[in-house]
Amino acid sequence: MESSFQTIYPLEYYLTFLNKGIRPDGRTTTQSRPLEIHKNSISSAEGSSFVKIGNTFVNCGIKAEIGIPPADQEPVLAINVELLPICSKNIRPGKPTDQAQYLSSTLNSLCGNIISREELLIENESLPLSWFLYVDVYCLNYDGNLLDASLLSVLAALESVSLPSISVTLEGNIVVAEGKSSMLNLQKYPVASTFATLEEYVITDPTFEEEELMSGSFTIVYDQNNKLCSVLKSGGSIVSDEVLQKCMKLSLENTTIRLEQVTAN
Amino acid sequence: GNFKLKMELRSFNTRQSVLQRADGSCHLRQGNTEVLVGVYGPKQVPPRREKVGRADLQVEIKPSDEFPDLHWCKLQMEVEQCFQDFVLLLLHPGTQIKVVLQVVQDDGSLLSACVNATMLALIDAGIPMKNMVTSVTIAQNGDGELALDPNKQIEDASSAIFIFNVSKGEITSEKSAVQTSDINYSINEESYWKARSLSRSAAMKVYGIISLTTTSKCLYEGDGSAYE
């Protein structure tokens, strides 16, 4: 009986919960789902992580390659997000969807200056060399809020990156020194908090069902120094200044909690 | 240096109904940023894009001199998501409203020019909408100074860019982003709120220009100073 109501009138079903200040999964409107972070999940990659926000699973792998240091504005970090058909019934194999491309582009601009160019330069006397990091983010289960999960997975994976020591012979051959490796020093830790607007309510960390019902969503990104990195809102219903301020406070708390988990172990 | 002088919109130059084949069109110049938009619809929708009970709004962006890639796809999605809310899609179920955006020249504030031009083109095509939206871009440099409607040079020298799409004084979508050039820079909350309030007053000026263009349906040249 309850599930037929949910199927035929999903929005009304949802509102009966929200009117009492709670959501079907038991969370209040300001609670996020539990976060799990595992680093070094992929042994063949230089850095990797597996992040779970509730039932949204995101796997991230980083491969490092050596090349000539880039010209001025060219990035040393390239992020690619892929939504695999396994993650949701809405995704088909083939060309990356607009959503995946949008995520890739957003992550690239949010993470563009996490690592300085100098950090990735390889010291040697013969050739100018630099590391290039290729980050691949794969969504394995899509239960809403992909932006938060992907950004956390990128941070966790970057934290786990272990770059081997490189030396260059006089002839210009690149030799990998066994055993020795170095970790990366991240300058900035941007953490995203996504909110969805549903009728007159604003809910934190939407699930897939909530994303289907929402009238709009926005994301607030803070860094580790409590400074605002970004406010992203694409269309959707109007959010007043007061609501935005409240959500900024919530994001700040969220950021502190999530950062502790990312930088742990 | 340049920032202190930059509290005005660049000169606007807008004209509707420039394309004969399109149902609606607009040619817009903000300073040297030039955009041409054609709106087609409501028209037949390709089967894979058909939406139940409402029209499909599709935005296609053609960059001036390159293949559309990730960055352009994002721009496209942002324009599309902005107008999803404003166009009354429920009035034309089973059809498509197609917006084709040709970027002729990008000299900064591109997303704002695209949104403003699309707005004018949709009006020209007679597509029913529930409200009007205008867009402004604000750049901030390392010292916290704000510049309104920046050109490419100012954008490249800035540390943060705010783009606000404003409808009747209410901000409906926004994008504030820290440029990737400066590694230690993040926005202070006060700067964000300052930019936000500046955007509302600037958007009212743009709104005035758009109103004038649509009511007179002729070439408008000026900087909106008559509408302060």
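Residues numbered from 1 in each chain as written. Chains lettered and ligands numbered in written order. Predicted model: local features only at pLDDT ≥ 70, side-chain atom pairs only at ≥ 80, totals over all residues. Heavy atoms only, no water.

## Remarks on the overall build of chain B
Thinking step 1. If you tally the helices and strands in chain B, you get four helices and ten strands.
Thinking step 2. The proportion of buried residues among the 228 residues of chain B is 57%.
Thinking step 3. By sequence separation, contacts in chain B at least 24 residues apart represent 67% of the contacts at least 6 residues apart.
Thinking step 4. Accessible surface for chain B amounts to roughly 9600 Å². Of this, 49% is attributable to carbon and sulfur atoms. (Helix = DSSP H or I, 4+ residues; strand = E, 2+ residues; numbered from the N terminus. Buried < 20%, exposed > 50% of the residue type's maximum accessible area, 1.4 Å probe, protein only. Contact = heavy atoms within 4.5 Å. Areas by Shrake-Rupley, 256 points an atom, 1.4 Å probe, with all protein chains shown as cover.)

## What to know about the overall build of chain A
Thinking step 1. On a plain count of helices and strands, chain A comes out with seven helices and twelve strands.
Thinking step 2. A total of 265 residues make up chain A; the buried ones form 49% of that total.
Thinking step 3. When the accessible surface of chain A is totalled, it reaches about 12500 Å², and 52% of it is carbon and sulfur.

## Quick word on the environment of phenylalanine 195 of chain A
Residue and element names in this part refer to chain A.
Thinking step 1. By secondary structure assignment, the location of phenylalanine 195 is in strand S9 (residues 191–198).
Thinking step 2. Note on phenylalanine 195: relative accessible area 1%, which makes it buried.
Thinking step 3. Separated by 38 residues in the primary sequence, phenylalanine 195 and lysine 233 place their C-alpha atoms 9.8 Å from one another.
Thinking step 4. Ignoring anything within four residues of it in the chain, the contact list for phenylalanine 195 reads Val202, Ile203, Thr204, Gly216, Ser217, Phe218, Ile220, Cys247, Leu250 and Ser251.

## What to know about the interface of chain A and chain B
Thinking step 1. On the side of chain B, 32 residues touch chain A, which itself brings 34 residues to the contact.
Thinking step 2. The junction of chain A with chain B conceals about 3000 Å² of combined surface from both sides, 53% of it contributed by carbon and sulfur atoms.
Thinking step 3. Of all residues in chain A, Tyr102, Asn113 and Leu228 of chain A bury the most surface against chain B, accounting for 18% of the area lost on that side.
Thinking step 4. Where chain A touches chain B, the interface holds two salt bridges.
Thinking step 5. Residues arginine 200 of chain B and aspartate 241 of chain A are paired through a salt bridge, measuring 3.2 Å at the closest nitrogen-oxygen approach.
Thinking step 6. In this assembly, chain A and chain B are joined by five residue pairs in polar contact (both at pLDDT 80 or more).
Thinking step 7. Elements that contribute at least two residues to the side of chain A that touches chain B include exactly helix H3 (98–110), strand S12 (228–233) and helix H7 (241–263) of chain A.
Thinking step 8. Top element by residues in the side of chain A that touches chain B is H3 of chain A. It accounts for nine residues.
Thinking step 9. Across the side of chain A that touches chain B, the residue classes tally to eleven nonpolar, 17 polar and six charged. (Buried area = accessible area lost by both parts, 1.4 Å probe. Salt bridge = Lys/Arg side-chain N within 4 Å of Asp/Glu carboxyl O. Polar contact = N/O pair within 3.5 Å; in protein donor to acceptor, adjacent residues only side chain to side chain. Nonpolar A, V, L, I, M, F, W, Y, C, P; charged D, E, K, R; others polar.)

## So, the packing of aromatic side chains
Remark: the centre distance and the inter-plane angle together describe each pair of aromatic rings, the angle taken between the planes.
Residues and elements named next belong to chain A.
Thinking step 1. Going through the model one piece at a time under the given rule, you end up with ten aromatic pairs over all chains.
Thinking step 2. Measuring from centroid to centroid gives 5.2 Å for tyrosine 13 and phenylalanine 17, while their planes differ by 70 degrees, and the two rings are edge-to-face. Residue tyrosine 13 and its partner phenylalanine 17 are both found in helix H2 (residues 10–18); the two are separated by four residues, about one turn of the helix.
Thinking step 3. According to the relative accessible area criterion, tyrosine 13 is buried, its value standing at 8%. (Phe/Tyr/Trp six-rings, centres within 6.5 Å; stacked < 30°, edge-to-face > 60°.)

## Quick look at the side chain of asparagine 165 of chain B
Thinking step 1. Here asparagine 165 of chain B lies in strand S8 (residues 160–167).
Thinking step 2. Polar contacts involving the side chain of asparagine 165 of chain B include one to the side chain of serine 135 of chain B, which spans 2.9 Å.

## So, a nonpolar patch on the surface
Thinking step 1. A contiguous nonpolar patch, built from Phe5, Ile8 and Tyr9 of chain A and spanning about 320 Å² of accessible area, is present on the exposed surface.
Thinking step 2. Within the secondary structure, phenylalanine 5 of chain A is located in helix H1 (residues 2–8). (Patch = residues over 30% accessible without salt bridge, like charges linked within 9 Å, V, L, I, M, F, W, Y side chains within 5 Å.)

## Remarks on the nonpolar core
Thinking step 1. Among the nonpolar cores identified, the biggest contains 70 residues, and Phe83 and Tyr192 of chain B are the most heavily contacted of them.
Thinking step 2. In this view, phenylalanine 83 of chain B contacts Leu57, Val115, Thr118, Met119, Leu122 and Val133 of chain B; residues no more than four positions away in its chain are not counted.
Thinking step 3. Counting residues in hydrophobic clusters, the runner-up holds 57 residues, among them Val76, Ile114, Ile115 and Val168 of chain A. (Core = buried A, V, L, I, M, F, W, Y, C linked by side-chain atoms within 4.5 Å.)

## Side note on the pairing of strand S4 (residues 56–62) of chain B
It is a general feature of regular strands that their side chains alternate between the two faces of the sheet.
All names here are of chain B.
Thinking step 1. Of all seven residues in S4, five are buried, a share of seventy percent or more.
Thinking step 2. Across seven bridges, S4 lies against strand S5 (residues 95–105) in parallel orientation. From the neighbouring strand, leucine 57 faces S5, where its bridge partner is isoleucine 97.
Thinking step 3. Once you follow S4 into helix H1 (residues 70–84) and on to S5, the crossover reads as left-handed. (Pairing = 2+ DSSP bridges. Right-handed = clockwise from strand over helix to strand, strands pointing away.)

## Remarks on the packing of H3 of chain A against helix H5 (residues 146–160) of chain A
Residues and elements named next belong to chain A.
Thinking step 1. Two elements in contact, H3 and H5, have axes separated by 11 Å at closest approach and are oriented at 50 degrees. One finds that H3 runs oblique with respect to H5. H5 is crossed by H3, and the crossing has right-handed handedness. Contacts between H3 and H5 pair Leu103, Thr106, Leu107 and Leu110 from the former with Leu146, Leu147, Ser150, Leu151 and Val154 from the latter.
Thinking step 2. Residue composition of the contact of H3 with H5, grouped by class: seven nonpolar, two polar and no charged. (Axes fitted to C-alpha atoms, helices over the stretch in contact; angles between N-to-C directions. Parallel < 35°, antiparallel > 145°, perpendicular 65-115°, else oblique. Left-handed = near helix turned anticlockwise from the far one by under 90°.)

## Topic: the confidence of the model for chain B
Regions with low pLDDT carry predicted coordinates that are not meant to be interpreted in detail.
Thinking step 1. For chain B, the average pLDDT comes to 85, and 89% of its residues sit at 70 or higher.
Thinking step 2. Scoring the predicted complex yields pTM 0.88 and, for the interface, ipTM 0.84. (pLDDT = per-residue confidence, 0-100.)

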